[in-house]
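A structural walkthrough
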Amino acid sequence: MNNSTELRFKTARRSGFRKSPGEVIFDVTNVTMFTIFMLLCIFPFYYLFINTISDNDLVLKGAITYYPIGINFSNYIALKEVNDLGNAFIVTITRTIFGTALMVFASALAGYLVTKKKLWKRSFWYRYLVITMYFNAGLIPWYMNMVMLGMTENYMAYIIPGIVAPFNIILVKTYVESIPGELEESAFMDGASTFTIFRKIIWPLSKPILATIAVFGAVGNWNSFQDSLILMKSSPQLFTLQHRLYFYLVKASDLETVMSGGAGTNVVLENTLNSKVVKYTIAMATIIPILLVYPIMQKHFVKGIMLGAIKG
Amino acid sequence: MKNTAISPRELNSAGELNTAKPSTLLHGILRLGSLILCLCMFFPGLNPARISNLINKNISLFTTGFSFSNLTTRFNAMFRQGSVNKSTFVLLSAASVVIIVGAVLCGIGGCMSLGNNRMKSRGIWFPVAGSIVISGGLFCIYRSYLELQASKGAKRAQPVFPSVFYLYAGLAAVLLLVSLIILLTERRLEKEEKMEMPEKYSLFLMLLPIIILAFVFLYLPLYGWRYSFFDYEAGGTLSRENFVGFKWFTILFRNQATVKDIIRVMRNTLVMSGLGILTSWVPMAFAILLNEIKSNRFKRLVQTITTIPNFISWVLVYAIALAIFSTEGFLNSFLEFFNANQNINWLMSAENTWLKMLLWGTWKSLGWSAIVYIAAIAGIDQELYEAAKIDGASRFQRVLHITVPGLMPTYLVLLLLTIAGALSNGLEQYLMFANANNKDVIEVLDLYVYNIGITGGRIPLSTVIGMTKSLISIALLLFANRISKWVRGEGII
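So, a few notes on the structure that sits alongside this text. Because the structure is a prediction, the values reported are computed rather than measured.

**Focus on the overall build of chain B**
- Looking only at helices and strands, chain B has 25 helices and zero strands in total.
- Out of the 493 residues belonging to chain B, those deemed buried represent 49%.
- Sequence-distant contacts in chain B: of pairs separated by 6 or more residues, those separated by 24 or more amount to 68%.
- Carbon together with sulfur atoms contributes 64% to the accessible area of chain B, which is approximately 23800 Å² in total.

**A few points about the overall build of chain A**
- Tallying secondary structure elements over chain A gives 18 helices and zero strands in all.
- Among the 312 residues that make up chain A, the fraction classed as buried is 50%.
- If you take every contact in chain A between residues at least 6 apart in sequence, the share linking residues at least 24 apart comes to 70%.
- Surface exposure of chain A reaches about 15100 Å², of which carbon and sulfur atoms provide 67%.

**Let's talk about the side chain of A:Thr65**
- Of note, A:Thr65 is situated in the loop between helix H3 (56-61) and helix H4 (74-78).
- Given a relative accessible area of 11%, A:Thr65 falls into the buried group.
- With sequence-adjacent residues up to four places away left out, A:Thr65 is seen in contact with A:Phe43, A:Tyr47, A:Ile50, B:Phe330 and B:Ser333.

**Concerning the packing of aromatic side chains**
- Evaluated as defined, the whole model comprises 49 aromatic pairs over all chains.
- Each ring, one from A:Phe216 and one from B:Trp368, has its centre 5.9 Å from the other, and the planes form 75°; the classification is edge-to-face. Taken as a pair, A:Phe216 in helix H12 (residues 207-222) and B:Trp368 in helix H19 (residues 353-378) lie in two separate chains rather than in one.
- Site record: aromatic cluster; members linked through ring pairs are A:Trp120, A:Phe124, A:Trp125, A:Tyr128, A:Phe135, B:Tyr201, B:Phe204 and B:Tyr219.

**Examining the interface of chain B and chain A**
- Every contact between the two is made by 94 residues of chain B and, on the other side, 98 residues of chain A.
- In this assembly, chain B packs against chain A so that about 8700 Å² is buried in total across both faces, 77% of it on carbon and sulfur atoms.
- Per-residue buried area on chain B facing chain A is highest for B:Phe217, B:Phe311 and B:Ile454; these three make up 9% of the total on that side.
- The interface formed by chain B and chain A includes three salt bridges.
- Between A:Lys118 and B:Glu199 there is a salt bridge, with the nearest N and O atoms lying 3.0 Å from each other.
- One can count 19 residue pairs in polar contact (both at pLDDT 80 or more) joining chain B with chain A.
- If you tally residues by element for the side of chain B that touches chain A, the top one is helix H12 (residues 199-219) of chain B, at 16 residues.
- Of the residues belonging to the side of chain B that touches chain A, the class tally is 66 nonpolar, 18 polar and ten charged.

**Considering helix H14 (residues 241-251) of chain A**
- Burial within H14(A) is extensive, with eight of its eleven residues counted as buried.
- Listed as buried for H14(A) are A:Leu241, A:Gln242, A:His243, A:Arg244, A:Leu245, A:Tyr246, A:Tyr248 and A:Leu249.

**Brief notes about the pattern of salt bridges**
- Applying the stated criterion across every chain, the model contains 14 salt bridges over all chains.
- Of the charged contacts, one joins A:Lys173 and A:Glu177 as a salt bridge, the two residues approaching to 3.2 Å between their closest N and O atoms. One end of the pair is A:Lys173 and the other is A:Glu177, both in helix H9 (residues 166-177) and four residues apart, which spans about a single turn.
- For A:Lys173, a relative accessible area of 14% puts it in the buried group.
- The partner of B:Glu292 in a salt bridge is B:Arg395, and the shortest N-O contact between them spans 2.8 Å. Taken together, the residues B:Glu292 in the loop between helix H15 (282-291) and helix H16 (296-307) and B:Arg395 in helix H21 (residues 395-420) connect sequence positions 103 residues apart. The burial state of B:Glu292 is the same as that of B:Arg395; both residues are buried.

**With respect to the packing of H19(B) against H21(B)**
Residue and element names in this part refer to chain B.
- As a packed pair, H19 and H21 sit with axes 10 Å apart at the nearest point and diverge in direction by 140°. Looking at the two axes, H19 sits oblique to H21. The element H19 and its partner H21 pack so that their crossing is right-handed. Across the interface between the two elements, Val 372, Tyr 373, Ala 376 and Ile 377 of H19 pack against Thr 403, Leu 407, Thr 410, Tyr 411 and Leu 414 of H21.
- Here the contact of H19 with H21 is built from residues that sort into seven nonpolar, two polar and no charged.

**Structural notes on the environment of B:Leu25**
- Among the structural elements, B:Leu25 can be located in helix H3 (residues 24-40).
- Considered as a pair, B:Leu25 and B:Val178 are 153 residues apart in the sequence and their alpha carbons are 9.9 Å apart.

**Observations regarding the nonpolar core**
Residue and element names in this part refer to chain B.
- Within the largest apolar cluster, 180 residues are counted, with the highest numbers of intra-cluster contacts made by Phe 433, Tyr 450 and Ile 465.
- Top contributing element to this core by residue count: H12, with 14 residues.
- Grouped together as the second largest cluster of nonpolar side chains are 40 residues, Leu 26, Leu 30, Leu 37 and Leu 138 included.

**What about helix H2 (residues 21-53) of chain A?**
- Helix length check: H2(A), at 33 residues, gives a terminal C-alpha distance of 47 Å against a target of 48 Å (1.5 Å per residue), a fit within 8%.
- At A:Ile42, H2(A) shows its largest bend, some 35°, and a proline, A:Pro44, comes one to four positions later.

Thresholds applied
Residues numbered from 1 in each chain as written. Chains lettered and ligands numbered in written order. Predicted model: local features only at pLDDT ≥ 70, side-chain atom pairs only at ≥ 80, totals over all residues. Heavy atoms only, no water. Helix = DSSP H or I, 4+ residues; strand = E, 2+ residues; numbered from the N terminus. Buried < 20%, exposed > 50% of the residue type's maximum accessible area, 1.4 Å probe, protein only. Contact = heavy atoms within 4.5 Å. Areas by Shrake-Rupley, 256 points an atom, 1.4 Å probe, with all protein chains shown as cover. Phe/Tyr/Trp six-rings, centres within 6.5 Å; stacked < 30°, edge-to-face > 60°. Buried area = accessible area lost by both parts, 1.4 Å probe. Salt bridge = Lys/Arg side-chain N within 4 Å of Asp/Glu carboxyl O. Polar contact = N/O pair within 3.5 Å; in protein donor to acceptor, adjacent residues only side chain to side chain. Nonpolar A, V, L, I, M, F, W, Y, C, P; charged D, E, K, R; others polar. Axes fitted to C-alpha atoms, helices over the stretch in contact; angles between N-to-C directions. Parallel < 35°, antiparallel > 145°, perpendicular 65-115°, else oblique. Left-handed = near helix turned anticlockwise from the far one by under 90°. Core = buried A, V, L, I, M, F, W, Y, C linked by side-chain atoms within 4.5 Å. Expected span 1.5 Å × (residues − 1). Bend = angle between axes of the 7 residues up to and from the residue.

As structure tokens, this is what we get:
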């Protein structure tokens, strides 16, 4: 008995504290693999970036590979000459702000209301909202519905349909249920109305989850492409940034269609720029905001996906 | 109104009991009428302002009121010639706004009729005012109809009298009548001092806007399935003449070209989903391997960096792909270093498209998908590891016997969800990477529906395909749910 216990401890010691050669090899391979994968994830962004700030002639020849040569920011300055790009930025920024704000407010309110036992036919309405996550009429019926509602060639199509987000409502509901009910009750005793309770108690206390859904909503809005592609066919001034970029990447192959004024009027630009670099620069200008807010976002979305995982 | 107990006050005036109780029926009609009226505004088929055949059939009363350009797209030439007065349409548009205002007033009245007696009697003025306003709006529509008929360009403008006009007139009349009856019979009900509403209804009314939005944007698209039974062309109409029953469903099986397309598209879809299912364990492996790294700082760094691509849209991924894989891109420069440069445009070739799409998908989502597993690993009881260590289990054995089984429930749920979504590969990735060369192997179901429906304008056929896809997906989901219940004792939905 005594012996075997001692043996156990010895084995534990061996496996726990001193690494066998096999383990060392494993650890080294493991770290190397992750390092390579990290490089794969980050290098493309770096590569794109050094190509936008290098000498354009070298870029065209494909000479910029690992580090920038002839650093200048003229490409970024030239962006203001790009057709409709300013509009695309305004459209995307405003929809990100308003769309996200309305979505967060609606999700918070709805998520709170469906926790209220007194709500008329509560479980029915909750199911009514949740069930929409599991069916999808399809792209064409959705499109025809938007046509029917007059949501084509219309900025409102970016804002209004996004207000109701069933999954976010569930997230808020789950979170609000974890808030102690006594807080609400005592406020109710003091004569606070439902909306006051929502504004003064529920909203501040559920800020973590609201931040999470706000992050997801904002990223979704910033990356929005499909609605613009399908609904705004003949309103180039309403294209989102992604749609604009798609247009330049896939549809417009030469500089003349991208830059305002055409070939003849912009000889200087024509000489120093080329459409490839302009496209890269637009892409980079779209990525940079995401990369800038990414560190702030990260802690929120990790929390969010954990909550989602608990649900799922 | 389910009055279970009669209060003493009501008993005192026993004679008044019947008249003093607000009529459930009348208030019910009032609410229902207002609700119908408010919803009608969003249905293009129920647009009383469609006074000419040239007005787009797909615009609702709401659009008529708020999007003048949509209303008059086909009249601009006539305005310029002067054969039709612009003022006619201004009047029409204004009338629509008036009707909308009236409907909103009726809606407010409907909401207030859920309150206590005092609120009911105050609120009754709203439908009275609202229905009068609506009548005024309808009169204006009628005026503009007459104007259009009398105009020089009457022949070209094709005026028609919308039959749905009578529906609105009828609704307005009913609402007016009901609200007047309530107004006259229930005046004596103001016993309460404060306007109040039972909490269950006030909560409901706060939720109502969200319920309506969900109905309009999430449920109403289902109504679009009707296009699969009609011979519809973009900009056309749905009527009894072009009702074709199941024609498009049979075309799906009979028409040689379509059948060939479908087989090709289904092959692509299933192969790509299949590859996704076959590699669904990769995020789990990623998480397990990451967990084996001792340094927390390195772990966090890996997590941070590898989740970045998930937040980049497919358009941007394509821009990156262009930078790396095009003729002058990084890969060719890199290969030049080994004297292996063949100046290939890697993006344009159709070789190994399925594999490439899988790799792009993995690149974009691997770090992100692993987060769920990392969270699950953190949730595994640490004592299990300690006990195993004491029992002499090696590192590998601990992973195999503790971590992997601990992650299995999560893996199973996600796998079942992946299987349930096998037909929905998404559109954006394939739309971006598609080109003339790889068209045949990259076109998945979602892209095919987009191509024939949105680009090709074949609405009915694409609706049929989308509808079939939706129904199969729901069936798959229910099936996956059943399996989950059978295996783990609880469902996934």
